[in-house]
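These are the residues of each chain, in order.
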Amino acid sequence: METISNLSLKNKRVVILGGSSGLGFATAKAAAAEGATLVIISSNQQRITDALKELPAGSKGFAVDLTSEQHVKDIFAELGEIDHLVYTAGESLLTVNLLDAVLTDAKKFFELRFWGAFTAVKYASPHINTGGSITLTGGVASLRPRKGRSIAASVCAAMEGFMRAMSIELAPIRVNMVSPGVVKTNLWNDMAAADRESFYNSIGNSLPVKRVGEAEDIAQTYLYLMRQQFGTGQMVVVDGGAVLV
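Small disclaimer: the values here were computed from a predicted structure and weren't measured. (Residues numbered from 1 in each chain as written. Predicted model: local features only at pLDDT ≥ 70, side-chain atom pairs only at ≥ 80, totals over all residues. Heavy atoms only, no water.)

(A) The nonpolar core, seen in detail. Membership of the largest hydrophobic core comes to 42 residues, with the highest contact counts inside it found for Phe 76, Leu 85 and Leu 136. Setting aside residues up to four positions removed in sequence, Leu 136 forms contacts with Tyr 87, Ala 117, Val 121, Met 159, Phe 162, Met 163, Asn 176, Met 177, Val 178 and Tyr 222. Core analysis: the next-biggest nonpolar cluster, separate from the first, contains 26 residues, Ala 30, Val 178, Ala 215 and Met 226 among them. (Core = buried A, V, L, I, M, F, W, Y, C linked by side-chain atoms within 4.5 Å. Buried < 20%, exposed > 50% of the residue type's maximum accessible area, 1.4 Å probe, protein only. Contact = heavy atoms within 4.5 Å.)

The structure is reproduced here in structure tokens:
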């Protein structure tokens, strides 16, 4: 049986791509509270600088273009050994009906969310220590898509397939995925503030838990998937019951 120390994140090196905001930053703060050593990576240097002010001394941050294979390769070569990789990077959600979709925009949506994760896993996995893990991010759009969510549903489904394939190919590294429902993060910032609040209230009132998620809610799932030692190839849905109603 694993000892308590083996199940702890204390002194574990956790690299979070997309770690300067939203789910990634909430996960960084939660992991830091358990004694992990944090490396956050995103494309925005100002957000990294701001995020590091709220993380413990010794935390590191790097501005990296996650759509560039060479940049991703270089950063993991520089970082060396790590214990856990978390990928939460993503831009504002693209909601458009199929007949109105612009193919170049649809393809671009996959660049960061899918191909960025693909590239990160490729170059990080050789550096992951024994007992380490990779946790990716999907979403419930693939389980219960709404009108206008064909692109989001497709990328979430692609991420699930990639995650399951990697859990076999990269074994014994554990590879899992978190699939959130609607969460209050900057992914919805393209909406006007009043529209966004109305959207949150409408979705929240329809859920069994009677609210939409907070980033801190979802962060606990990433921590669980890093700490546990037996689950791999699994998608954990944290959506307030959205797929049920």
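From this point, things continue past the structure.
(B) Representation of the packing of helix 3 (residues 69-79) against helix 4 (residues 103-124) within the structure. In the contact formed by helix 3 and helix 4, the axes pass within 9 Å of each other and the chain directions differ by 35°. Remark: the crossing between helix 3 and helix 4 carries right-handed chirality. Note on element contacts: helix 4 touches helix 3 through Thr 119, Ala 120, Lys 122, Tyr 123 and Ala 124, opposite Glu 69, Val 72, Lys 73 and Phe 76. Residues of the contact of helix 3 with helix 4, tallied by class, amount to 5 nonpolar, 1 polar and 3 charged. (Axes fitted to C-alpha atoms, helices over the stretch in contact; angles between N-to-C directions. Helix = DSSP H or I, 4+ residues; strand = E, 2+ residues; numbered from the N terminus. Left-handed = near helix turned anticlockwise from the far one by under 90°. Nonpolar A, V, L, I, M, F, W, Y, C, P; charged D, E, K, R; others polar.)

(C) The arrangement of the environment of Gly 116 in detail. Turning to its location among the elements, Gly 116 is positioned in helix 4. Classification of Gly 116 as buried rests on a relative accessible area of 0%. Taking the C-alpha atoms as reference, Gly 116 lies 8.8 Å from Tyr 87; in sequence the two are 29 residues apart.

(D) Quick look at the pattern of salt bridges. For the structure shown, the criterion picks out 7 salt bridges. Close ionic contact of Lys 53 with Asp 50 constitutes a salt bridge, the shortest N to O distance being 3.9 Å. For Glu 91, the salt bridge is made with Arg 113, and the minimal N-O distance between the two is 2.9 Å. Here Glu 91 is found in the loop between strand 4 (82-87) and helix 4, whereas its partner Arg 113 is found in helix 4, with 22 residues between them in sequence. The class for Arg 113 is buried, based on a relative accessible area of 15%. (Salt bridge = Lys/Arg side-chain N within 4 Å of Asp/Glu carboxyl O.)

(E) Local environment of the sheet that holds strand 9 (residues 235-238). Spatial strand order, 3-2-1-4-5-6-9: 7 strands in an open sheet with parallel pairing. Across the chains shown, the open sheet's two edge strands, defined by having one partner strand only, are strand 3 (60-63) and strand 9. Adjacent strand axes in the sheet meet at a mean angle of 15° when their direction is disregarded. Note that strand 1 (residues 13-17) and strand 2 (residues 37-42) share 5 bridges and pair parallel. Note that in strand 2 the partner of Arg 13 across the bridge is Thr 37. Set on the sheet, helix 3 makes contact with strand 1, strand 2, strand 3 and strand 4; between it and strand 1 the angle comes to about 165°. (Pairing = 2+ DSSP bridges.)

(F) Broad picture of the packing of aromatic side chains. Using the criterion set out here, one finds 7 aromatic pairs in the structure. Ring centres 5.1 Å apart and planes at 25° place the aromatic pair Phe 118 and Phe 162 in the stacked group. With Phe 118 in helix 4 and Phe 162 in helix 5 (residues 150-169), this residue pair connects regions lying 44 residues apart in the sequence. Judged by its relative accessible area of 34%, Phe 118 falls in the partly exposed class. (Phe/Tyr/Trp six-rings, centres within 6.5 Å; stacked < 30°, edge-to-face > 60°.)

(G) Looking closely at the side chain of Thr 119. Tracing the chain through its elements places Thr 119 in helix 4. Of the residues examined, Thr 119 reaches a relative accessible area of 14% and is grouped as buried. Only 2.8 Å separates the side chain of Thr 119 from the backbone oxygen of Trp 115, close enough to count as a polar contact. Not counting residues up to four positions away in its chain, the partners in contact with Thr 119 are Glu 69 and Val 72. (Polar contact = N/O pair within 3.5 Å; in protein donor to acceptor, adjacent residues only side chain to side chain.)

(H) Representation of a nonpolar patch on the surface in the model. Residues Leu 143, Val 237, Val 243, Leu 244 and Val 245 make up a contiguous nonpolar surface patch of roughly 410 Å² in combined accessible area. Among the secondary structure elements, Leu 244 is positioned in the segment after strand 9. Relative accessible area serves as the criterion here: at 70%, Leu 244 is assigned to the exposed category. (Patch = residues over 30% accessible without salt bridge, like charges linked within 9 Å, V, L, I, M, F, W, Y side chains within 5 Å. Areas by Shrake-Rupley, 256 points an atom, 1.4 Å probe, with all protein chains shown as cover.)

(I) Looking closely at the packing of helix 4 against helix 5. Put simply, helix 4 and helix 5 touch, their axes get as near as 10 Å, and they point 15° apart. Judged on the interaxial angle alone, helix 5 and helix 4 are roughly parallel. Where helix 4 crosses over helix 5, the two elements pack in a sense that is right-handed. Between helix 4, through Ala 106, Phe 109, Phe 110, Arg 113, Phe 114, Ala 117, Phe 118 and Val 121, and helix 5, the contact on the second element is made entirely by Ile 151, Ala 152, Ser 154, Val 155, Ala 158, Met 159, Phe 162 and Met 166. Of the residues assigned to the contact of helix 4 with helix 5, the class counts are 14 nonpolar, 1 polar and 1 charged. (Parallel < 35°, antiparallel > 145°, perpendicular 65-115°, else oblique.)

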